[in-house]
Amino acid sequence: MNNYRNDFPLLSRKINGKGLIYFDNAATTPRPQQVIKAVTDHYQNHSGNPGRGTHTLSLESSRVLEEGRKKVLKFLHASPEEYVVIFTKNTTESLNLAAHILNGKSVITTVSEHHSNFLPWQNKQVIGVTEKGTINLSEIKTKEGEVLAVTHGSNVTGNITDLAAIVSIARERHLITVIDAAQTIAHEEVNLTETSVDFFAFSAHKLYGPEGVGVLVMKKHYLTAEPMILGGGAVDKVTTSTVLFKHNEERFEAGTPNTAGVAGLLAALEYVTSIGIKEIKKKETELLEHCLQKALTIPQLKIVGSVTSDKRTPLVSFTLGNIHPHDIADFLDSEGIAIRAGYHCAEPLHAALRTGPTVRVSFSFFNEKQEIDSLFTVLDICIQKFA
Ligand code: PMP
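Reading guide: rules and limits
- Residues numbered from 1 in each chain as written.
- Predicted model: local features only at pLDDT ≥ 70, side-chain atom pairs only at ≥ 80, totals over all residues.
- Heavy atoms only, no water.
- Helix = DSSP H or I, 4+ residues; strand = E, 2+ residues; numbered from the N terminus.
- Rg over C-alpha atoms; globule rule 2.2 N^0.38 Å.
- Buried < 20%, exposed > 50% of the residue type's maximum accessible area, 1.4 Å probe, protein only.
- Contact = heavy atoms within 4.5 Å.
- Areas by Shrake-Rupley, 256 points an atom, 1.4 Å probe, with all protein chains shown as cover.
- Lys, Arg positive; Asp, Glu negative; His and termini not counted.
- Charge placed at Lys NZ, Arg CZ, Asp CG, Glu CD.
- Phe/Tyr/Trp six-rings, centres within 6.5 Å; stacked < 30°, edge-to-face > 60°.
- Lys NZ or Arg CZ within 6 Å of the ring centre and 35° of its normal.
- Domains from an automatic or database assignment.
- Buried area = accessible area lost by both parts, 1.4 Å probe.
- Salt bridge = Lys/Arg side-chain N within 4 Å of Asp/Glu carboxyl O.
- Polar contact = N/O pair within 3.5 Å; in protein donor to acceptor, adjacent residues only side chain to side chain.
- Near = heavy atom within 4 Å.
- Nonpolar A, V, L, I, M, F, W, Y, C, P; charged D, E, K, R; others polar.

Structural notes on the overall build of the protein
A count of helical and extended segments in the protein gives ten helices and 17 strands. For the protein, whose C-alpha radius of gyration is 21 Å, the value lies close to the compact-globule estimate of 21 Å for 387 residues. A burial count over the protein gives 57% of its 387 residues as buried. Looking at the protein alone, contacts between residues at least 24 apart form 69% of all its contacts between residues at least 6 apart. Counting every atom, the protein has about 16,700 Å² of accessible surface; 51% of that belongs to carbon and sulfur. Taken as two groups, the 39 positive and 42 negative side-chain charges of the protein have centres that lie 1 Å from each other.

Considerations on the packing of aromatic side chains
Within the structure shown, the criterion is met by 13 aromatic pairs. Aromatic pair Phe8 and Tyr271: ring centres 5.9 Å apart, planes at 80 degrees, arrangement edge-to-face. Of this pair, Phe8 sits in the segment before strand E1 (14-15) while Tyr271 is found in helix H6 (residues 259-275), placing the two residues 263 residues apart along the sequence. Here the basic side chain of Lys124 rests over the ring of Phe118, its NZ or CZ set 4.6 Å away from the ring centre. For Lys385, the ring lying beneath its charged end belongs to Phe386, and the centroid distance is 5.6 Å.

Digging into the domain arrangement of the protein
Here the protein is partitioned into domain 1 (2-23 + 277-386) and domain 2 (34-275). Computed from C-alpha atoms alone, the centre-to-centre distance between domain 1 and domain 2 is 28 Å. Contact with domain 1, which involves 32 residues of that partner, is made by 33 residues of domain 2. At the boundary of domain 1 with domain 2, total buried surface from both sides reaches about 2,800 Å², with 62% on carbon and sulfur atoms. Seen at the junction of domain 1 and domain 2, the total is two salt bridges. Taken together, domain 1 and domain 2 are joined by 15 residue pairs in polar contact (both at pLDDT 80 or more).

Quick look at the side chain of Glu284
Considering the arrangement of structural elements, one finds Glu284 in helix H7 (residues 277-295). The contact partners of Glu284, leaving out residues within four places of it in the chain, are Ala186, His187, Tyr208, Pro314, Phe363, Ser364 and Phe365.

A few points about unusual backbone geometry
One non-glycine residue with positive phi stands out, namely His174, at about 55 degrees. Along the chain, His174 turns up in the loop between helix H4 (163-172) and strand E8 (176-180). With phi around 70 degrees, Tyr208 is a residue other than glycine that occupies positive phi space. Within the fold, Tyr208 resides in the loop between strand E9 (199-203) and strand E10 (214-219).

Examining the site of the ligand
Around the ligand sit 13 residues, and of these Thr92, Asp180, Ser203, His205 and Lys206 come closest. The separation between a nitrogen atom of the ligand and a polar side-chain atom of His114 is 3.2 Å. Separating an oxygen atom of the ligand from a side-chain N or O atom of Gln183 is a distance of 2.7 Å. Considered class by class, the residues forming the shell around the ligand number one nonpolar, ten polar and two charged.

Structure follows, in structure tokens:
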């Protein structure tokens, strides 16, 4: 796995004179050369306005979008008979679009959600988590609703909720499922044919792809819903008094899309597939366990959520005595270590877990155990400095 590190030009950057240690993968992942090349190649050789023109460049750009949809479905083991792929600008827009399509329905969601899967839902009831951050799925039985909007992986605790468990309870209660997969897309194998969720959202930038491209995979029959954004490309026919919207993905993609971004997403999907999610998970679990072990030896360090690597994405959030997480983040940055500090856009979860802001370190398969050792060496200095 060590060789993959060389694929990422960003990792050879110096920050404050120190070699970069990148532990903010849950926020956004660096891009491998293959993805950067695909984006550049698109602009250098293929870029035309997709879906509109009939010239070669326009057709080549349209093909990127078609290929992108096919690749996303393949990556998620989803059938084109059952699902469509809508390109958005990020997970947030995908979830807003799902909320728009399901407008008016009563929603059950969880306190564990990122604000992006919390705020778009208007008419909602909220289920809780255990003190380890595990979502209390059985609480769903005490709620009335038509939609179940749940995160697959928490961006604060890393806790993964099994899609099979979500779907099983949703079936019992006849709930439409909306899954926020922003945190799991780079770490977990997903099979939509088996789980058959209704809506599934993620961002390319958390999967080694470009910023500005999100995906909403949804069951085909929702293609009859009202579009959220109105304009060019989404329509079959417009008169001064009427409009006939398309009955395909483009219905929800008005305006010129981020085709270069989709070209980058395509390359990212190929890249991740070539390594294999199983291999990725194996390496990331080793890193996670190493980090948890080290964290548990520091008396002032309090991990938020579970202290084991079971059913978890490779991240650890924690507090360090009374030192403010932003001070820790600044100090780590001065040593070239990039982490995240704050509420991670999940304030209700922090309140439920009775914690203030936290430090979050998040790993990728390209990270090394020695980098984690360096992190803990610097955290030790930090404890002494701020004590
Ligand atoms: N959901 C979760 C669980 C996330 O971690 C994030 C990103 N932090 C989002 C949604 C939003 O993703 P984006 O900013 O790409 O829209």
